[in-house]
Every structure is written in structure tokens, then in C-alpha cells.
Amino acid sequence: MNLQYADQFVNRHIGTNTPELPAMLKTIGVENIDVLMAQTVPNGIRNAEGLNLPDALTEYEYLQLAQKIADKNRVMRNYIGLGYSDTITPPVIQRNLFENPGWYTQYTPYQAEIAQGRLESLLNFQTMVSDLTALPVANASLLDEGTAAAEAMAVFFHHKNKGKGVANRFLVHPDIFPQTLDVLRTRAEPLGISVEICPELLINNNGDCYSEAKITDDVFAVFVQYPTASGEVNDYRDLADNVHQYGAYLIVAADILSLSLLTPPGEWGADCAVGNTQRLGVPMGFGGPHAAYFAIKEEFKRVIPGRIIGVSIDAHGNRALRMALQTREQHIRREKATSNICTAQALLANMAAMYAVYHGPEGLRNIAERINHLTVLLTNALDCSNGWVSQNKAIFDTITFKNEDLEFSDFPLQIVRSTALEKGINFRYNDAENTISISLDETTTLADLLDILACFGVEYTMEKLLSIQNMDMAMLQHDNCIRTSTYLTHPVFNTHRSESQLMRYLKYLENKDLSLVHSMISLGSCTMKLNAAAEMMPVSMAGFSKMHPFQPIEQTQGYQQIFDELAAYLCEITGFTACSLQPNSGAQGEYAGLLAIRNYHIARGDAHRNIVLIPSSAHGTNPASAVMVGMQVVVTKCDERGNIDVTDLVEKAILHKEKLAALMVTYPSTHGVFETAIQAICQTIHENGGLVYMDGANMNAQVGLTSPGRIGADVCHLNLHKTFAIPHGGGGPGMGPICVNDKLKPFLSGHFCENNPHFSSLNAPNKNAVSAAPFGSASILLISYGYIRMLGAKGVADATKFAILNANYIKARLENQYAVLYTGENGRAAHELILDLRTFKPLGIEAEDIAKRLMDYGFHAPTLSFPVAGTIMIEPTESEDKAELDRFCDAM
């Protein structure tokens, strides 16, 4: 008997079992799965050898390993701030939403009929944001605060200029978050926007913010932080009036929890408010995933990026929710798009919304008041002690101290730092300015304050501390900044106080939705595969979830191991030599990859190379990303079989060879076919001075069989929420790392704090950051790491083979009833296939009718009318078993 533990993960991940395989192969008409692969994947691009990946681990072995790696991270009491705070996730939300596959395996709510639950929750999120910001229109989340700020900048740049680009100056307050500035600079440069730190945005003795410098006609917007990075609560009313007087717009990055106490931006003149909702019950997770918010005045609702949930009525006149204003989405606007939000953060937006539902207005205010009182108490206890003097006049949760007695202080910055580290405490240090900033949160206790004071050499007893806690809080707040208006008045925020009530509300909403707990979700191009519980569990481990993204690197060795090993695995799988894990969505991956190509050409003196060839079958995100990096899109044709028209592509590559920057290509194609001419296509682009960007949306048909590097690409983004098992979360989170060859390695995205363990000057050189945190949504990288470690080299290749097998099984079962639109040279599909439903139109039956009818059989509709109108695109993935495939085929 084999005494090794025999329950291998690959047998749990791949749905088809050994007894079912012969029947499936017989239906397809092949002897074995290797023959099918030979008929599907062109021989010229097949890998001759297996992947160099570690041996597969069992689920038990992996969870033990994950805990050992988590233990290498040092869980600290983090008072670093900069938009990231420790928080208390209510257990009822953690167990019933965050860790519940009924919530995290849902797809984006395009099919409103089977998404009413999460649509209601996302509507709650929008309502919460609108109420707290006092701005009437909010979307259903963006990726993070930095990119939300960049989206706001782009909105007002395009709105002000109407495409003419005359007003291109963007003024930012000197005390904004440095990671936000980094992202703003990255996104601004390709658009010709000048981001300027503006010292003239001064604060007078009354704490009012105004502008000494006249805002000229070439300024389109001003950006401020509320409260600022150093903790100051400024009164921006005069500034808002000044900005509007000169026809510009005011964008405010506001702490969402502070708005339960502070006058909201919409009441003092802001045009737009952005920020992060992480501190509303969402773990820090070393930077993500978190849901950013974006709220704006009514007059700009047609240009707001992202998704908006709207209230409508159904055919029977009943209240119904749906995604509204969808015509703005990039898959429709393509090269006319000014934004590329293909992934929101729906799961995390739902968590933040439920946090507000559970606590209600009085609960949020109590939490905020307690944090504020603790911050005031700390200030009163520490100010002027051992040379440390408060630099703030008005505060919410952050206070900055400066040592003004350098020569005689017994507790200079270095001593404070070493003492704090011994106590397991992180502050934010600015050595150059000799300041320390401290940001408190809802986990902070009076005992924590005693430890903080001790770091500065100030010894208090609890009794002494309590004796000063009743000092006047108003001494550190402007009257103009104290909120008087109501918020969260809707009944949903006032009726779910007990755990029983919220538990039942969550289940009530979950029961309205369809997710992978109900059936296969056969969405072509979206790869809705199993999100295994063993992959998900480490995300909740404290050693991963409670880490601040700007902790010193020596405290984050567990995460560094994950990053190094995962990057190496992804490079091995793609055939490339370097990887950036920073992009926190597929769209961000596209952007980062094209940005690397753009900067490569600029470095070679070829800044004029700005034309991107994109096949007509490409994802709509492709042309949108190209426009965002300042490139011009030239569309190439496809032939009648759905392949790239090579003759047309060659002609256009030669025609534009002096300005050719890149080709964006999806492989296998968006039509679900391995095109045999792909290597020649890549060679043509290289011969004409361009580089090849491969969209990794269909990597689930490549892993272990071929690779972008072998095919001839230069860069590829990977949708980890597709091929590598991160769950879609009802419309996010996602991750989109990019892998590149040697020539593009120097141009990968960086981050302001990647080599600085504490803080960086706003004047530091731009690192081309594409997300706010150094490693994007770092905590969910654990899921893909676990996927690879538990499958191993053979397992990831088998996953690809069975994904192709399942697609061809569906094709074989349905091709006598439906026309399969495109196939390869041997009549095989890749991992997905397109059924042409236009033949039913004379009978009065549209593709949408069939898609809707499938819901009656308990299935989410396949991808509808993309990439060809009047069709459905089916991708079963490797996780589905024969019985489920048969149930789907029978329903069809």
C-alpha cells in the first residue's frame, strides 16, 4: 500500500474524473487527450519540455506551508496611516460574505435577473458614499484611492478641454499621499497633463485654505487631501470658490470614516470626492484588495468612470436593479474610451457597505468620535514632551510631531524608532523633516496610547491618562469643519443591528443571486473556474491580512517570499524573464504593459512611435488601454474564419512602420482559435520596429502547452482572476501582473516606497506606479500562489488540457444543433467556442432570448454578442465535470 497521502489537489480541481474520460473522448472522436492537444495547438509553438515548477502539494501540506510563510511576516501595531488603517471586520461579515463562496464566486452583474442581491448591496455602497460625501452621484467602486484620483483627473481634463487639450495644468496640495501623487504622475504624462505640487495652496492662521497664486486659464483642476497626509483638517471653502472663479474644478481625496464627523466635501464646494473604503471593515492585506469610491456632482454623471447601479422597473412594474449608463463602458466605446475600468472591487465594496449597514449612522459616528478623542488625548499627553511638538491645528485621526529640541532631546527620532520597534509599533517617519506622524484607528485602545507615549519617553499611568481625557475635543477642530447634516437615513442602514438580522439580510441577498455554488458559469473569455477553499484560506490569516503596505521590508519577509516565488513561476509559465505584480486588475495590466512599451521606445529616441495595431476581434479593453497611454489605434481585419487577416496586418504594419509602436493580440484568439500564423505575425511587427503585447485573457489555453515568450510576444498580462483562480467577487477583485522579456525589464512599474522602508519625499522621482500599493492587491496573490503550488508543473498543464477537452466536448455535443462559428485548421476549438445564433432570427428568436432562457435552467448565460453580435461564447473551464457539462448541453 502507498503510505503517502493520496488525496491530490489536482483531482479536486479538475472536474472530469478518470472513468468519465473515455466517453468524452469518444464523443469528441479522438483516441486520447494528447491527440486532441496535437489537433488543437499548432506543433510549431508547443513546449518540448514540461514547466520547471515545484512538485505539487496536497491541500493539507500547502496550508501548513502558508502558515509558516505568514509567520515570517511581523504583525505590528501600525500607525503609519497614508490611507491604510487597521480595522475590525465584524465576524458576521467575515464569515457570511468575505469567506462565503456564494458571494465571492459571483460574476459581474451584467445579468441583472440573477444578480439582484449583489446589485442591492452595491446600491447600498453607492448610497453610503453619496451620503457621506454629500455628492449626489457615486459609482459602485474603483480599484484604489490612487487610481480613483487619476480617474478624476482624467474626467476633468477631458471635460474641460473637450479633446483640445488647452488647459493641461493639474495643481496638487503639498500634503497629499505620496503614493497618490506617484499614480497621478504616471497617468498624467501620456495625456500631456502637467502635475504640479503647488505651495501656493496655503493655510492661513484661521486654518482656511486659499490660493495666493491666480489660477490661470491653463489650470483645469486642483487636488487636495481631507484630512491631509500629516493629519491636518483644512477648511477649503475659500479655495473652492477661487478654483471655480477661474473655471477649474476641485477634487478632494477624503477619508470616508472622517466624513461622519467632518463637513462633507459636497457641502463646501468640491466637484468630486475620491478615496478608499478599506477602513470600513476590510483588512489591510498589505495593500489590497480594497474598494475605492468616486462621487461627483450631478452635472458630471455622464462622464463618471466605472459602474453605476440604477433603480428601474421590470416588465411587471416591480422595482428592479440594473447596471445603469453602461454605454460608457470601455468594451463599447473602445478607442473612444477615456477610462478602462474592466474590474471594480465589488466584493470589498459589499463588505464596506455591510459594515455601514451593521453599524448605521450612529455606529459610524461613535467609531469616528472614539478615534478622534484618542487622537486628541494623545496630542494633549505628548505635545511639548522631550522636544516633540504637535504640528497640527485641527485633526481627525492623525497627528504629526516635530522634534524642535534636536540638541538636547533624550528621545530623538532614532531612539523613538528603535523603542517603537521593540514594542511592535510602526509610526511614519520623515527623517529629512525630523517629524513623526501617528495615525490611530478603531483597534486602538488606551493601553496602546500608553505604549505610544512610552516610545517618546513619556511615562503615564492609566489613571493619569484618564484624568486628561475629558479635555475639550473642539480645541483641535474648526467650527466650519464639524458636520451638522444627517447621513445614512435610509431604513437599510437603521434596521440590521443584531447579528441575526444582518446574517439573514446577507442570506436573503445571496439567495437572489447565481454563483459557482449553484452551477457552472460558462462565460467565454472570463474563465470562471473553481476558487478552491484551500487557496482562499490564507487570505484570512493574520500574518497576511493585518499587514500595512508601507511596513519596513524586514518585517514583511513572508510576503517577499510569496512575491519572489510567484513572479518566478509566472515568468516560467509565460517564457519571460521579469514580472511586475503591481497591476491590480486586467485593465491595469494592459496599461502597465503598454506603458513599458511606450517608455522603451522613448528611451531609444523613438518617442514618435505611437501607433498600435489591434485586430477587430480584440477585447474592448485593448483600444481603451492604448488610448490611455497616448497611442493611436489602427484596427486590422479578421478573415471569415475569425483569424487575423495576415495580409491586411502586414500591409498596415509596413504602412505605419515609421511610427509603429506595438501590436495587441489575444492568443488563442478571442474567437477561441489557435491561429497558426501567430509567430509570423509577431515577426512582422518586430521587423517593422514594433513590439508585441499579448493579452493574457486566454492563458487558460496556454499554460504548460505553449507560452507568449515562445510564440514571440514581448509582454503579456495575466488575469489572475481568470487563469490563476482568484475569484471574480461579483465584479472584482482582480489582479493583472505583467511578464516581460529582457528588453522591457527596465521599464516595469515601480513604487515610491519599494526601496524605502518608511517614507519618501513628494519630490522623489516618479516610479511609473500604476496602483497605490507596491504590489497591488497583495493579499490575493496568495490565491494564485496556492493554485500553482498545489497543482505543480503537471497539474497546471493538465488544467489546460482539460479546459480544452471540455470545450471540445461541448462543441461535439452541440454542433449538430448549432453552428459553431470558428474552429482551428483541424476543426477543433481552443478552451472556448462561439455558437452562431443568428440562424434563429427568422423565427423571431434572438441570441438574447436564448441567453435569458438559460437562466430558467439555472445557468448564467454565456458571453453574449461578443466578439460577434448575435452569438454566445462558451468557456466551461477545467473545473466542471461531465454531468454538469451534459446538463448545460441538455439545456441548450
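Below: a short report on this structure. (Residues numbered from 1 in each chain as written. Predicted model: local features only at pLDDT ≥ 70, side-chain atom pairs only at ≥ 80, totals over all residues. Heavy atoms only, no water.)

Looking only at helices and strands, one finds 27 helices and 28 strands in the protein. Over its C-alpha atoms the protein spans a radius of gyration of 27 Å, differing by no more than 12% from the 29 Å that the globule rule assigns to 892 residues. Classification of the 892 residues of the protein by burial places 65% in the buried group. Excluding contacts between residues fewer than 6 apart, the proportion of contacts in the protein whose partners are at least 24 apart in sequence is 77%. (Helix = DSSP H or I, 4+ residues; strand = E, 2+ residues; numbered from the N terminus. Rg over C-alpha atoms; globule rule 2.2 N^0.38 Å. Buried < 20%, exposed > 50% of the residue type's maximum accessible area, 1.4 Å probe, protein only. Contact = heavy atoms within 4.5 Å.)

What follows concerns the side chain of Ser-525. Its place among the elements puts Ser-525 in the loop between helix H16 (499–510) and helix H17 (533–536). In this structure Ser-525 touches His-619, Ala-697, Asn-698, Lys-722, Glu-832, Met-873 and Glu-875, once residues within four positions along its chain are discounted.

Considering all chains together, one arrives at 28 aromatic pairs under this definition. Here a set of aromatic residues connected by ring pairs shows up, and it is made of Tyr-79, Trp-388, Phe-401, Phe-427, Tyr-429 and Phe-456. The ring of Tyr-591 carries the charged tip of Arg-187 above its face, separated from the ring centre by 5.5 Å. The cationic tip of Arg-417 hangs over the ring face of Tyr-429; the distance from NZ or CZ to the ring centre is 4.6 Å. (Phe/Tyr/Trp six-rings, centres within 6.5 Å; stacked < 30°, edge-to-face > 60°. Lys NZ or Arg CZ within 6 Å of the ring centre and 35° of its normal.)

A separate point is the pairing of strand E22 (residues 691–695). In terms of burial, E22 is a largely internal element, 5 of the 5 residues being buried. Here E22 shows no split at all, with Leu-691, Tyr-693 and Asp-695 on one side and Val-692 and Met-694 on the other all buried. Bridging between strand E21 (residues 660–666) and E22 involves 5 bridges; their strand directions are parallel. Bridged to Thr-666 within E22 is Asp-695. (Pairing = 2+ DSSP bridges.)

Grouped burial of nonpolar side chains is what soluble globular proteins tend to show. Residues Phe-427, Ile-438 and Phe-456 are the most contacted members of the largest nonpolar core, which totals 217 residues. Take this core: its biggest share by element is 22 residues, from helix H12 (residues 346–382). Discounting chain neighbours no more than four positions away, the residues touching Ile-438 are Tyr-79, Leu-378, Asp-397, Thr-398, Ile-399, Phe-401, Phe-427, Ile-452 and Phe-456. Membership of the second largest hydrophobic core comes to 35 residues, among which are Ala-149, Ile-193, Phe-223 and Cys-272. (Core = buried A, V, L, I, M, F, W, Y, C linked by side-chain atoms within 4.5 Å.)

What follows is about helix H27 (residues 882–891). Think of an α-helix as turning once every 3.6 residues; residues three or four places apart then point the same way. The buried count for H27 comes to 7 of 10 residues, which makes it a mostly enclosed element. Of the residues making up H27, those classed as buried are Lys-882, Glu-884, Leu-885, Asp-886, Phe-888, Cys-889 and Ala-891. Looking at the packing, one finds that the buried side of H27 touches helix H2 (21–28), helix H25 (781–814), helix H26 (847–856) and strand E28 (871–874). The backbone nitrogen of Ala-883 has a side-chain oxygen 3.0 Å away, supplied by the residue at the start of H27, namely Asp-881. (Polar contact = N/O pair within 3.5 Å; in protein donor to acceptor, adjacent residues only side chain to side chain.)

Within the open sheet, the 4 strands sit side by side as E13-E14-E17-E16. Their pairing is antiparallel. Only two strands of the sheet have a single partner each, and these edge strands are strand E13 (388–390) and strand E16 (428–430). Direction aside, neighbouring strands of the sheet carry axes that sit 25° apart on average. For E16 and strand E17 (residues 435–439), the ladder comprises 3 bridges, and the chain directions are antiparallel. Within E17, the position partnered with Tyr-429 by the bridge is Ile-436. The sheet strands contacting H12 are E13, strand E14 (398–403) and E17, and the helix crosses E14 at an angle near 15°. (Axes fitted to C-alpha atoms, helices over the stretch in contact; angles between N-to-C directions.)

If you trace the backbone, Ala-532 turns up in the loop between H16 and H17. Separated by 153 residues in sequence, Ala-532 and Ile-685 have C-alpha atoms that sit 40 Å apart.

Moving on to H16. Under the 1.5 Å per step criterion, the end-to-end length of H16 is 16 Å for 12 residues, consistent within 8% with the ideal 16 Å. Every buried residue belonging to H16 is among Leu-502, Tyr-505, Leu-506, Leu-509 and Glu-510, and all of these are buried. The arc that holds every buried residue of H16, seen down its axis, measures 135°, which confines them to one face. On its buried face, H16 sits against helix H5 (91–98), helix H6 (101–104), helix H7 (116–133) and H12. (Expected span 1.5 Å × (residues − 1). Arc of directions from axis to C-beta.)

Before going further, it helps to examine the pattern of salt bridges. A full pass over the atoms with the stated rule returns 34 salt bridges. Here Glu-99 makes a salt bridge to Arg-95, at a shortest N to O gap of 3.8 Å. The exposure class of Glu-99 is partly exposed, given its relative accessible area of 29%. Each of Arg-813, Lys-882, Asp-886 and Asp-890 takes part in a single network of salt bridges with overlapping partners. (Salt bridge = Lys/Arg side-chain N within 4 Å of Asp/Glu carboxyl O.)

Another point: the sheet that holds strand E25 (residues 819–820). Ordered by their spatial adjacency, 4 strands build an open sheet running E25-E26-E28-E27, and the pairing between neighbours is antiparallel. Single-partner strands in this sheet number two, and they are E25 and strand E27 (863–864). Pairing of E25 with strand E26 (residues 833–836) involves 2 bridges; the strand directions are antiparallel. The residue of E26 that forms the bridge with Ala-819 is Asp-836.

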